[in-house]
Amino acid sequence: MIRALLFDMDGVLADSEDISIEIGIEYFESIGVKASAEDFAPYQGIGERIFFDGPAHDLNAENYRYEDASLFFRRRYPEIIKGRSIALPGTEFVRRARKAGLLTAVSSSAPSWKVSANIEGIGLNLSDFDSIASGEDIRRNKPEKDIYTLSMIRLGVGEEEAVVFEDSRGGIESGKKAGCRVVSMLTTISREEAERAGADSVIENLGAIPDFQDGDALENILFGGRCDCLRYGVNMIRRKGHYPSEKIVIEAARKARENGYAPYSGFRVGAAIVSASSGRIYSGCNVENSSYGATICAERNAITTAVTAEGKIGIECLVVYSDDDPPAPPCALCLQVIAEFARPETEVILVTPRTIRRYNFSQLLPMPFIFPTMR
């Protein structure tokens, strides 16, 4: 379900792209260089520095200095927008979203002074947003993911719960790299360009979004109710949908068992899990320790390997391979760790060279502990 909305500013909430280009042309004229709107088009939406550096390089502007351009822009921008209406249709959508219980954030590549000026210029208040991030808050600007990742951290939401609103190729790529679904406006980009960049939905502007009561209703409006995300333990995971066969996963667990380090018990165990989001198999074996308490089970080894590779994971399937009849189930400690990443329906397959038994995870641990705020 949608919990948070992350807005780019220029071209999404504020109609300021043309003003920025106008000022850019003025600046280059001031240093004797003739520029046009087309010179700035490739560099929109990815930060002030590249907005000036890009055309300066293309136009061979020998007298160009970014510091001078930035000061010029900061002086001229408030003068120009003071006499103009810069609100794009639908800016009241932000307040409607807050009323529906959703979190809102500005995630703009622009400097903080410009973000504040734009919020005022479109008739909203800083208090209408739960987080405001600008280009000064990050080291890498769009099309890298940093600004959207920062906004999600500040809001305390996962990428499956956040939707990005953008209007440029670089911005769309930034949102997708952050793992979010992206809605593209058609203010500065065509539908074809937005879809090629990876936008999950394309709308004319925010004013095209009808009234809604909550995140589920907005989900249906923006994406037609098509959400391939499921909760695995405490995590919302976008499923791959196609997974390796049971035979292949069992073989991975069997091979992992061969490397089991069990000099004290002599009881070697192998495990393999299938990642719900990637379909990849991650395996692990048990590793004993002379202090006993430092021993780690095969199941937890497989899980930590998967987390190391992918970050947040969902367990689609788990195989535990041992030489014991009946087949050995995961220990209580492993079951609690599995609960962090598994659905009640996650299949747990217990295997020996002679026997295969299948369970749903909920049969092995019907009441796992889940941190209260994540239930």
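Check the entry above for the structure.
What counts and how
- Residues numbered from 1 in each chain as written.
- Predicted model: local features only at pLDDT ≥ 70, side-chain atom pairs only at ≥ 80, totals over all residues.
- Heavy atoms only, no water.
- Core = buried A, V, L, I, M, F, W, Y, C linked by side-chain atoms within 4.5 Å.
- Buried < 20%, exposed > 50% of the residue type's maximum accessible area, 1.4 Å probe, protein only.
- Contact = heavy atoms within 4.5 Å.
- Helix = DSSP H or I, 4+ residues; strand = E, 2+ residues; numbered from the N terminus.
- Lys, Arg positive; Asp, Glu negative; His and termini not counted.
- Salt bridge = Lys/Arg side-chain N within 4 Å of Asp/Glu carboxyl O.
- Pairing = 2+ DSSP bridges.
- Axes fitted to C-alpha atoms, helices over the stretch in contact; angles between N-to-C directions.

K.L.:
Can you explain the nonpolar core? Please cite residues and give values.
P.N.:
Membership of the largest hydrophobic core comes to 55 residues, with the highest contact counts inside it found for Leu-5, Phe-7, Phe-28, Tyr-64 and Phe-165. Every residue in contact with Tyr-64, bar those within four places of it in the chain, is listed here: Tyr-27, Phe-28, Ile-31, Arg-49, Phe-52, Asp-53, Ala-56 and Ala-69.

K.L.:
Describe the side chain of Glu-17, and please don't skip the residues or the numbers.
P.N.:
Here Glu-17 lies in helix 1 (residues 17-30). Buried charge without a salt bridge: Glu-17, with Lys-114 as the nearest opposite-charge side chain at an N-O distance of 5.9 Å. Those residues in contact with Glu-17 that sit more than four places away from it in its chain are Asp-10, Gly-11, Gln-44, Asp-167 and Thr-188.

K.L.:
Kindly report on the sheet that holds strand 12 (residues 342-351), identifying the contributing residues and their values.
P.N.:
Sheet architecture is open: five strands sit in the order 10-9-11-12-13, paired in mixed fashion. Two strands close off the open sheet at either side, each with one partner strand: strand 10 (281-285) and strand 13 (356-360). Each adjacent strand pair in this sheet contributes to an overall mean axis angle of 15 degrees, direction not counted. Alignment of strand 11 (residues 315-321) against strand 12, held across six bridges, turns out to be parallel. Directly across from Leu-318, in strand 12, lies its bridge partner Val-348. Each of strand 9 (270-275), strand 10, strand 11, strand 12 and strand 13 touches helix 11 (residues 246-258); the most contacted strand, strand 9, lies at about 140 degrees to it. Along the sheet face, helix 12 (residues 298-310) touches strand 9, strand 10 and strand 11 and points at about 140 degrees away from the line of strand 10.

K.L.:
An account of the pattern of salt bridges is requested, with residue identities and associated values reported.
P.N.:
Evaluated as defined, the whole model comprises 29 salt bridges. In this structure, the salt-bridge partner of Arg-181 is Glu-219, at a minimum N-O distance of 2.3 Å. Taken together, the positions of Arg-181 in strand 5 (residues 181-185) and Glu-219 in helix 10 (residues 215-223) put the pair 38 residues apart, joining distant regions of the chain. Per residue, the accessibility class of Arg-181 equals that of Glu-219, and both read buried.

K.L.:
Got a sec to walk through the environment of Gly-311? Specific residues and values, please.
P.N.:
Within the fold, Gly-311 resides in the loop between helix 12 and strand 11. Under the relative-accessibility criterion, Gly-311 is labelled partly exposed at 29%. Separated by 33 residues in sequence, Gly-311 and Ser-278 place their C-alpha atoms 11 Å apart.

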